[in-house]
Each structure stands twice: as C-alpha cells, then as structure tokens.
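Architecture and fold: a report
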Amino acid sequence: MKKLIIALLATTAAVSAVQAQEIAPRFYLGAGVVGTDYKDGMRAGATNTDIDTYKASGKIFGGYEFNRNWGVEIGHTDFRSADIHYNFAGAPGNGQIDGRSSYIAAKFSTPLNERFVGYAKLGAAHNKNELSAVNASLSQRESDNTVYGGLGVQYNINQDVSVIAEYERYGKNRDFGVSPNNFTIGAKYAF
C-alpha cells in the first residue's frame, strides 16, 4: 500500500511539473507580412482616381503569456505608402497615401491539438492615415484611437518557434487610407 501511495504521489508530482512547464509565463517577439487594401477618398472635384490598392506591409509584435490561455500583446504595423493618380479641374496630379497603426490587446488562446492553437485578441489601436497630394487642397490627415480585434491560428514548430496566420481589424471604415481589414502571416519566438 505504501508503494502505491508513493507511486501515486510521484506520478502526480511529475504530471504537475510537466503542466507547470507547459503553462509557465513567458515573453515572445514576432514579425509578419500584412496584406492590406487602400481607399483613395479623394475630395469632391477629383476625378478618374487610380490607386495601387493591394500592398504587402510589415508588422512587429511582442507579448507576454501569463498562462496557456491568457496573455497581452502589443504591435506596430507600418503600412507601405500607395501611389495615387487623379484629375483635378482638368489637370492631372498624383500623390501618396500612407498609414500606420499601433495596438495593445488582451489575447485568449486555446489549444486545438498538439501543434495548433487558436486565438482571439481584443484591445485598442491608434491609427494614422495621410494623403499627400500635389494639389494641397486635396491633402488630408486622420488620426484616431479605436477598437482593435484579431482572430488567428498558430502552428507550433517546436516549444519556442511558431508561425501564425491571422485576420485583424483596426477599427472602423475610413474615408481614405488603409482599409481596417488586414491579413497577417508571420512567425514568433518565445523565451
């Protein structure tokens, strides 16, 4: 009987140690490629607008996992500028639209199997969009704080390295600039 109790205690201690190791708090850093879309949003009077709509941009992010399910993440996406061409009062013109966003979010993760993890993020974002046109009266700037959300899946290559695919929404629709809907593919390293 004593041997059985000792064996049960030893097994319980070993399982607890493995679980504690599995959900130990840790930091992570990552980078990704973001696919985005632009809207021209030219003011009245500008016609025949043409914009390079789809761009691949860069994102860096980092976070802290409190346990297997809960964490917090911060990130910054620098949306590459897009060229815009237009006619205003019969004269051709051009310009650029540029955007960037930073966010902080709570993150909830749930293992789907041994390698895959599904997650959702909810937080706040600070967005900036700028339209610089040759005709200064068409130039615009916008900066706002808004709700940020994301849904994604993570594939664990090993205990420290993962690849991610996620859909992110940086607030509401805008009159011009970066679309709030973006898709990211990236990698992260936990330590």
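Anyway, here's the lowdown on the structure attached to this text.

1. Concerning the overall build of the protein
In terms of regular secondary structure, the protein is built from one helix and ten strands. Helices and strands in the protein line up, N terminus first, as α-β-β-β-β-β-β-β-β-β-β. A fraction of 62% describes how many contacts in the protein between residues 6 or more apart in sequence connect residues 24 or more apart. In the structure as shown, the protein presents an accessible area of about 10800 Å², 61% of it carried by carbon and sulfur atoms.

2. A few points about a nonpolar patch on the surface
The grouping of Phe-66, Trp-70, Val-72, Ile-74, Ile-104 and Phe-108 at the surface amounts to a nonpolar patch, some 570 Å² of accessible area in total. If you list the elements that add at least two residues to the nonpolar patch, you get β4 (70-88) and β5 (91-111). Examining the composition of the nonpolar patch, we find that three residues originate from one element, β4, more than from any other. Relative to the assigned elements, Ile-104 resides in strand β5.

3. As for the side chain of Thr-36
Relative to the helices and strands, Thr-36 resides in strand β1 (residues 26-39). On the basis of relative accessibility, which here comes to 3%, the residue Thr-36 falls in the buried class. There is a polar contact of 2.5 Å between the side chain of Thr-36 and the side chain of Asn-182.

4. Points about the nonpolar core
Judged by nonpolar contacts, the single largest core of 13 residues is most densely connected at Phe-61, Phe-79, Tyr-103, Ala-125, Tyr-148 and Tyr-170. Counting only elements with at least two residues in this core, the list comes to β1, β5, β6 (116-133) and β8 (161-170). Those residues in contact with Ala-125 that sit more than four places away from it in its chain are Ser-101, Ser-102, Tyr-103, Asp-144, Asn-145, Thr-146, Tyr-148 and Tyr-170.

5. Here we look at the environment of Ile-60
Relative to the helices and strands, Ile-60 resides in strand β3 (residues 54-65). Residue Ile-60 is classed as exposed on the basis of its relative accessible area, which comes to 55%. For the pair Ile-60 and Gly-75, spaced 15 residues apart in the sequence, the C-alpha separation amounts to 5.7 Å.

6. Comments concerning the pattern of salt bridges
Under the definition given, this model contains eleven salt bridges. For the salt bridge of Arg-26 with Asp-160, the shortest nitrogen-to-oxygen distance reads 3.5 Å. One end of the pair, Arg-26, is in strand β1; the other, Asp-160, is in the loop between β7 (140-156) and β8, with 134 residues separating them in the sequence. When the shortest N-O distance is used, the salt bridge between Lys-121 and Glu-168 registers 3.8 Å. With Lys-121 in strand β6 and Glu-168 in strand β8, this pair connects stretches of sequence that are 47 residues apart. One exposure class covers both Lys-121 and Glu-168, and it is buried. Shared partners join several salt bridges into a network, and the residues in it are Lys-59, Glu-73, Lys-107, Lys-121, Glu-166 and Glu-168.

7. As for the pairing of β8
Of the two faces of β8, only the one carrying Ser-162, Ile-164, Glu-166, Glu-168 and Tyr-170 is buried; Val-161, Val-163, Ala-165, Tyr-167 and Arg-169 on the other face are not. Across nine bridges, the pairing between β7 and β8 is antiparallel. The residue of β8 that forms the bridge with Gly-149 is Arg-169. Between β7 and β8, which follow one another and run antiparallel, lie four residues. Bridging between β8 and strand β10 (residues 181-190) involves nine bridges; their strand directions are antiparallel. Along β10, the bridge assignment pairs Val-163 with Ala-187.

8. Points about the packing of aromatic side chains
This model, assessed by the stated rule, comprises twelve aromatic pairs. For the ring pair Phe-27 and Phe-191, a centre distance of 6.2 Å and an interplane angle of 20° mean the geometry is stacked. Within this pair, whereas Phe-27 is found in strand β1, its partner Phe-191 is found in the segment after β10, the two being separated by 164 residues in sequence. Consider the rings of Phe-79 and Tyr-170, whose centres lie 5.8 Å apart with planes at 90°: the pair is edge-to-face. Residue Phe-79 is located in strand β4, and its partner Tyr-170 is located in strand β8; the two are separated by 91 residues in the primary sequence. Residue Phe-79 is classed as buried on the basis of its relative accessible area, which comes to 3%.

What counts and what doesn't
Residues numbered from 1 in each chain as written. Predicted model: local features only at pLDDT ≥ 70, side-chain atom pairs only at ≥ 80, totals over all residues. Heavy atoms only, no water. Helix = DSSP H or I, 4+ residues; strand = E, 2+ residues; numbered from the N terminus. Contact = heavy atoms within 4.5 Å. Areas by Shrake-Rupley, 256 points an atom, 1.4 Å probe, with all protein chains shown as cover. Patch = residues over 30% accessible without salt bridge, like charges linked within 9 Å, V, L, I, M, F, W, Y side chains within 5 Å. Salt bridge = Lys/Arg side-chain N within 4 Å of Asp/Glu carboxyl O. Buried < 20%, exposed > 50% of the residue type's maximum accessible area, 1.4 Å probe, protein only. Polar contact = N/O pair within 3.5 Å; in protein donor to acceptor, adjacent residues only side chain to side chain. Core = buried A, V, L, I, M, F, W, Y, C linked by side-chain atoms within 4.5 Å. Pairing = 2+ DSSP bridges. Phe/Tyr/Trp six-rings, centres within 6.5 Å; stacked < 30°, edge-to-face > 60°.

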